[in-house]
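Inside the fold
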Number of protein chains: 2
Amino acid sequence: MDQQTSGETSADNTVPDIVVARLPIYLRALATMQAGGKQYTSSQEMADLLGISSAQIRKDLSHFGEFGKQGTGYSISELHGRLRHILNLEHDWNLIVIGAGHIGSAVASYSGFEHRGFRVAGIFDNDPRKVGLSLGQFQVIDIRDLAFFVKQNQVKLAMITVPAPYAQGVADQCVAAGIHGILNYAPVNLSVPDHVNVQNIDPVLHLQHMTYYL
Amino acid sequence: MDQQTSGETSADNTVPDIVVARLPIYLRALATMQAGGKQYTSSQEMADLLGISSAQIRKDLSHFGEFGKQGTGYSISELHGRLRHILNLEHDWNLIVIGAGHIGSAVASYSGFEHRGFRVAGIFDNDPRKVGLSLGQFQVIDIRDLAFFVKQNQVKLAMITVPAPYAQGVADQCVAAGIHGILNYAPVNLSVPDHVNVQNIDPVLHLQHMTYYL
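Here's what I pulled together on the structure shown here. Counting restarts for each chain: residues are numbered from 1 in the order of the written sequence. Throughout, the order in which chains and ligands are written sets their labels, letters from A for the former and numbers from 1 for the latter. Totals for whole chains, interfaces and linings use every residue, but because this is a predicted model, local features are given only for residues with pLDDT of at least 70 and side-chain atom pairs only at 80 or more, for both listing and counting. As a rule here, side-chain values come from all non-hydrogen atoms in the structure, and water together with hydrogens is ignored.

Each of the two chain copies goes to the other by way of a rotation about an axis and a shift along it. Residues below a pLDDT of 70 in either copy are left out; the C-alpha atoms of the rest, at least 70 in both, set the least-squares superposition of the copies. At an RMSD of 0.0 Å, chain B and chain A line up after a rotation of 180° and a shift of 0.0 Å along the axis. Accordingly, the operation relating the two chain copies is best matched by a two-fold axis. When you check the interface residues of chain B against chain A, 100% turn up at the interface there too, and the contact is symmetric in its surfaces. Residue contacts follow a heavy-atom distance rule, with two residues in contact if any of their heavy atoms lie within 4.5 Å.

And the structure:
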């Protein structure tokens, strides 16, 4: 299932996926406010910051119970903590990067994962000229060791940054190894079993979305 | 306005933004089919490929007129051409990359823009140690030359790949220079005037979306 593009509710869960997709955006805004020393916020303030209506924000949060008080608004630290809990971010998740090219290297050295629930555990490639090379703090691992590594390190998430023609094959290997979530940077649609969640990052999709309005 | 997170219809346009967001996904699938030599497809076949329901696909396309014939389905080349027209992709758009770090370098050398409507026209940085350096086929340009370059090359689109604390300042410079669409890789929410469209690429948002289901 492709959670990015589906607005439908999955059978085993009553919260629409489009609502789930907005929670990380709220969490990011709350973390920024918290870092700035702020203690309280309101749906209106978040709305102004995010370009999402305050009614939408209140409705989204109402799926998960009661938040905030009439008059004082939301406690930032409390709402931040509850969103972290809802999104299963109370412990860090190991993730792997497959493909040690430009994008893979950039992702592996990305500092933005810290304190946001993720840790790059390893980066893989199938090119013998890349395997063993140092890439930032990592040494590129042979993709043949993928299944062993995933089990050993209880990895559930993978980022696929290989060229398009190889992406489906790599996705199949990930699924066979026990990966449950794939962040796909290759500009192709991946076929995966229902229990695996795929999200796609393709800058061209975003750019083409914007040119509609130009 | 943040088109990525808003499901609302903008005042001057009757097509919901969430529908516009799916058109590039359809276009990508059609291009793949076309490259494979296929001539016709159906909403059901696209649905199976994309994990979007066939009813949703038909409803999305119905915003833009009549497509396909009962029995034979969609002509791939015709639907592809009409989507390109709807998304204003009949000529290539110049875009600039601001920030010559890991992500900026990866994006500037990304081959996936070709034949999809975009051409990287230049990459900018404010670091004197980077300005003038070669980066793939590009020479890093001083950010002080941004406004001149944007006007000279009729650039409407910018990708911001600078560290988070600098992103808003760079966005302000882009807006002042005449940029209408920003693809923001910095993990912060940018404030821009209503006529500027911002889309965000933050892998952590996607990962946090997936951990909800783990």
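A separate point is helix α7 (residues 164-177) of chain B. Residues and elements named next belong to chain B. Numbering of helices and strands runs from the N terminus; a helix is a DSSP stretch of H or I covering at least four residues, while a strand is a stretch of E covering at least two. How far a helix is expected to stretch is found by multiplying one less than its residue total by 1.5 Å. In this model, α7 (14 residues) spans 20 Å end to end at C-alpha, consistent with the 20 Å of a helix rising 1.5 Å per residue. Three exposure classes are used, based on accessible area relative to the maximum for each residue type with a 1.4 Å probe and protein chains only: buried under 20%, partly exposed in between, and exposed over 50%. Residues of α7 that are buried: A167, V170, A171, C174, V175 and A177. Projected down its long axis, α7 carries its buried residues within an arc of 155°, all on one side. In this structure, α7 carries P165, Y166 and A176 as exposed residues pointing more than 90 degrees from its buried face. Residues of α7 that are buried in the fold lie against β3 (93-98), α6 (146-152), β8 (157-160) and β9 (181-184). In this description, one arc is meant: the one made by directions from the helix axis to the C-beta atoms.

Take the side chain of N184 of chain A next. All names here are of chain A. Position of N184 among the secondary structure elements: in strand β9 (residues 181-184). Under this definition, polar contacts are N or O atom pairs within 3.5 Å; protein pairs additionally need one hydrogen-donor-capable and one acceptor-capable atom, and for neighbouring residues in sequence, both atoms have to be side-chain atoms. Polar side-chain contacts of N184 include one of 2.9 Å to the backbone oxygen of V188. In this structure N184 touches I160, A167, L190, V198, Q199, N200 and I201, once residues within four positions along its chain are discounted.

Moving on: the sheet that holds strand β3 (residues 93-98) of chain A. Hydrogen bonds along the backbone pair up the strands of a sheet, which may run parallel or antiparallel. Strands qualify as paired when DSSP identifies two bridges or more between them. Read from one edge to the other, the open sheet built from 6 strands follows the order β7-β4-β3-β8-β9-β10 (chain A), with strand pairing classed as parallel. Edge positions in the open sheet fall to β7 (141-142) and β10 (197-200) of chain A, since each of these has one partner strand only. The pairing of β9 of chain A with β10 of chain A spans 4 bridges and is parallel. Paired with L183 of chain A across the strands is Q199 of chain A, a residue of β10 of chain A. Think of each axis as a best-fit line through the C-alpha atoms, taken over the contacting stretch in the case of a helix, with angles from 0 to 180 degrees between the N-to-C directions. Here helix α8 (residues 203-211) of chain B sits on the sheet in contact with β3, β4 (118-125), β8 (157-160), β9 and β10 of chain A, set at roughly 160° to β9 of chain A.

That is the geometry; function is a separate question.
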